[in-house]
Amino acid sequence: MESCPQQVTLQPGLTPQLRVGLLGDIMDIADSELEVADSVVQFFADCDVVIGNLEAPIAPAKTHRQQQRHHARLLHALQRLCPASKFILCLANNHAADYGLTVFQDSAQQIRAAGFQTFGTCEQPFVDVGDDLRVITGSQWTNMPCDFIADADDMKQYVDPTRFNLFYPHWGHEMECYPRGETVDWGLQWLDQTAGAVIGHHSHTPQPIQLCNVGGRTKLLATSLGDFCCRHRPLATRSYRYGTVMKLSLGRLPTGECDLLDLRWHFVESTDDADVVTVRLVENIPLFPGLKPLVC
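The model shown is predicted, which means the values in this text are computed figures rather than measured ones. (Residues numbered from 1 in each chain as written. Predicted model: local features only at pLDDT ≥ 70, side-chain atom pairs only at ≥ 80, totals over all residues. Heavy atoms only, no water.)

A few words on the packing of aromatic side chains. Going through the model one piece at a time under the given rule, you end up with 9 aromatic pairs. Note on Trp186 and Trp190: the rings are 4.9 Å apart at their centroids and 35° apart in plane angle, and the pair reads as tilted. Of the two residues, Trp186 and Trp190 both sit in helix H4 (residues 181-192), 4 residues apart, roughly one turn of that helix. In this structure, Trp186 and Trp190 share a single accessibility class: buried. Put simply, the rings of Phe167, Trp171, Trp186 and Trp190 touch in pairs and so form one group of aromatic residues. For Arg134, the ring lying beneath its charged end belongs to Phe126, and the centroid distance is 3.7 Å. The lysine or arginine in question, Lys247, covers the ring of Phe43, its NZ or CZ lying 4.9 Å from the ring centre. (Phe/Tyr/Trp six-rings, centres within 6.5 Å; stacked < 30°, edge-to-face > 60°. Helix = DSSP H or I, 4+ residues; strand = E, 2+ residues; numbered from the N terminus. Buried < 20%, exposed > 50% of the residue type's maximum accessible area, 1.4 Å probe, protein only. Lys NZ or Arg CZ within 6 Å of the ring centre and 35° of its normal.)

Shown next as structure tokens:
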């Protein structure tokens, strides 16, 4: 794999006001336990908040194979990454409605009762972090008909010009290492319409990270961070094991505008052994040898 920078400084000399960690899809790991390696914990140690996509509700046993679900004990495992009070879980994705509205609402209530923040419903399509950041989400897809998940088509209407607006969509197509042209065009339109960064999920594969010049300002487009964790014993799902973790530093420019100061990223791999799924940092992803993570 061609060597690519894993840390980029865009605004040297400015003091960060907020450090934001980001994950991709937190996938169904069936009856396995989740362990987060020290390397991943240390990566996020200086973050003020961590954001991830919870790719399933907490739900009872599946009634058909395509459903995804989580056990409530996953919430305890995630708190090894950071305290629940600093963790924000996105609920807008194609599996959110797998069990219907009642299960979805019960799941959201359990998550919040454990101390996590949530967003991604029609009533709560965004979350504000202090005075500096607004994270806006919406899903392009839903496997089951529903009218309670935030829609990706509506995201731009929630932009707050006083904050850094981070779009966090569930979009694109599964199992593709590179996004399709229409996905990139959609992201560039959002960046042109005042989003400071677009960081997505849903492909289950880590996709390239691009720094784009939009109106003389450098903005971030990362169409998918892949999977944070996944159980992958069947051969057909082994390509789901990889993802990207990322953290951003945000700060105020002399003009008073909040902007991206720097970013860091790293590949992660989830391994499945003896009913334990372990997530750790890795240097490369051999299933995708041609992937160029950062395009400047």
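From this point, things continue past the structure.
With 12 residues, H4 should reach 16 Å at 1.5 Å per residue; the first-to-last C-alpha distance of 16 Å fits that figure. Those residues of H4 not exposed but buried are Thr183, Trp186, Gly187, Trp190 and Leu191. Projected down its long axis, H4 carries its buried residues within an arc of 140°, all on one side. The inward-facing, buried residues of H4 contact strand S9 (164-167), strand S10 (197-199), strand S11 (209-214) and strand S12 (217-222). Thr194 lies just past H4 and shows a positive phi near 85°. (Expected span 1.5 Å × (residues − 1). Arc of directions from axis to C-beta. Contact = heavy atoms within 4.5 Å.)

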